[in-house]
Amino acid sequence: MKRGRMNLKQVHTEQDLKLKQCQSIAQVVSSDQIEIREDAKVDNSSILFKLKKKRRSSPFCNLVVIMGSFLGLALTRQNIITTRRRKRKRRRSRDMSEIPLDLLIEILCRLPGKYLARFKCVSKQWSSLISSRYFCESLYKTIRQGKQQQQEPHLYMCLVDDDGQSALLSMSPTSPDNTTCFLVDQDLSIPEMGGYFLNVFHGLMCFSVRKKACIYNPSTGQRLILPQIKKPNIIADQGQVMYIKRHYIGYDPVDNQHKLLCTIVMYCDRLFHLKSEHWVFVLEAGGSWKKVVSHMNYRPHAPFALGQYCYISGSVVHYLAWHDMYTCAIVSFDFRSEELTTIVAPDDVRADMSIPALEMKADLIECGGKVAIFEHSKLKIEGMVVLWVLEDAEKKEWSKKSLVLQPCQRHLVQADTELILKGTTRDGKVILAPFEMHPGFYILCFDLGSNDLRKVDIKGVPHHWFDKECYIDLRLMDENESLIYLET
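This report concerns the structure included in the present document. (Residues numbered from 1 in each chain as written. Predicted model: local features only at pLDDT ≥ 70, side-chain atom pairs only at ≥ 80, totals over all residues. Heavy atoms only, no water.)

Some words on helix H4 (residues 101-108)
Alright, step 1. Inspection of H4 places Leu104, Ile105 and Leu108 among the buried residues, and these make up the whole buried set. Across the axial projection of H4, the buried residues extend over an arc of 100 degrees, all falling on one side. (Buried < 20%, exposed > 50% of the residue type's maximum accessible area, 1.4 Å probe, protein only. Helix = DSSP H or I, 4+ residues; strand = E, 2+ residues; numbered from the N terminus. Arc of directions from axis to C-beta.)

Examining the pairing of strand S16 (residues 339-344)
Alright, step 1. As defined by bridge partners, strand S15 (residues 328-334) adjoins S16 across six bridges and the pair is classed as antiparallel. Each residue of the ladder has a partner; that of Ser332, found in S16, is Thr341.
Alright, step 2. Joining the antiparallel neighbours S15 and S16 is a turn of four residues, in which Glu338 adopts a positive phi near 55 degrees. (Pairing = 2+ DSSP bridges.)

A closer look at the pattern of salt bridges
Alright, step 1. What the rule picks out here adds up to 15 salt bridges.
Alright, step 2. For Lys422, the salt bridge is made with Asp473, and the minimal N-O distance between the two is 3.0 Å. Taken together, the residues span a long stretch of sequence, with Lys422 in strand S21 (residues 419-424) and Asp473 in strand S25 (residues 470-478) at a distance of 51 residues. Considered together, Lys422 and Asp473 belong to a single accessibility category, that of buried residues.
Alright, step 3. Within this structure, Asp252, Asp255, Lys259, Lys290, Arg336 and Glu338 form a network of salt bridges that share partners. (Salt bridge = Lys/Arg side-chain N within 4 Å of Asp/Glu carboxyl O.)

Some thoughts on the packing of aromatic side chains
Alright, step 1. Summed over all chains, the structure comprises 10 aromatic pairs.
Alright, step 2. Taken together, a centroid distance of 4.8 Å and an interplanar angle of 50 degrees make the contact between Tyr196 and Tyr471 tilted. Taken together, the residues span a long stretch of sequence, with Tyr196 in strand S4 (residues 196-201) and Tyr471 in strand S25 at a distance of 275 residues.
Alright, step 3. On the accessibility criterion, Tyr196 (34% relative accessible area) is partly exposed.
Alright, step 4. For the pair Tyr248 and Tyr319, a centre-to-centre distance of 4.7 Å together with 5 degrees between the ring planes defines the contact as stacked. Of this pair, Tyr248 sits in strand S8 (residues 242-252) while Tyr319 is found in strand S14 (residues 316-322), placing the two residues 71 residues apart along the sequence. (Phe/Tyr/Trp six-rings, centres within 6.5 Å; stacked < 30°, edge-to-face > 60°.)

The quantities given are spatial measurements derived from coordinates; they are silent on function.
Below, the structure is given as structure tokens:
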């Protein structure tokens, strides 16, 4: 019995010792290490004092209360950490607003366009800044001055079938030299995306969709569909059923405006009773179509059926057109003065052709900063192209240069389908593409300087486009030039 009583006393003594240790630890922690909120309703020290009186009767309850006090202290510490984090965020936002505007623009101008489009979501201030004309001009100057690393160009393909279904595909090169293969990396197809007569300028794409002009910025995702011209002045006469509408985008550097030129053409079969007129749309808030006043010597013309265009300067666009079935000319439109000029091509361009408008295969390119006609009617049969360069527009002086393919490259142009010109690369190589879509689609890059022809494969095009006839258009565009925001 005595041993049992001694054991019970020893047990109670050990429990009292443990309880005192817990109380002392709680008092030290609460007084020296952790700040307790002033508005706390329960005083931890008073709780511990009461526990001393009741520790013999309910030791388990004492431990629960102690653990609760520790939990309250932990929550208090978490609130302190949360408050500090909020203060840091406020400090960061205040520091960001204190960055000088010029420095902020300089930093943003060095970023790719796709990141700038995302940064518009940071705040209303950033969205307004990135969308402003001043920032777009600064970005364009930065790119032109070479302050930013040159990015790889993107190839864009428009496809339209007979049912009106269209697609717009983005492709990137798989090799650093851009001479091996382009692979589809993004399908941009949405309703009314992709159309006829694709042209690009300053990172903007323009194409025709159901007789309307659509402008698309692939970097920002902005898309504008312009209204139709409600009352064109030319009216179809009896027998006039042919109708052509072409759109060309350009820039007025003086008024800092992007504009769109629309050419409307009506004629009978074989260009009889040809009529044409031109309209301009200023891409700004409240813009509308305005008719271009033709000069006294104006002669109606019809752009080439699958004709290309070129820009020698950003404010002037040039394209080939027919005055009749036998006479072709270079048409130039100045977006600054909104005036049209025409220069008739040399007679030798259409030599040995009975009906040039039906037989000639030619289009405009830029060659050494000058307008040139790339004539390739004999490329498939003889492997030869003729380059007509307009040396002096005022004196109407031309130079001629003939290029003959190397025998080992003749097989590249002897396919069953015809080849059509699709612009030039950044370094001046002429792009030729098959007229029809088929498996194993490709393009040819013709280097006029070295007289070299290379094949570039196009991969990743959806297979359902191979099983039907469709319209194909291609354009090469630098991705880092595409951050212009338009208002209409």
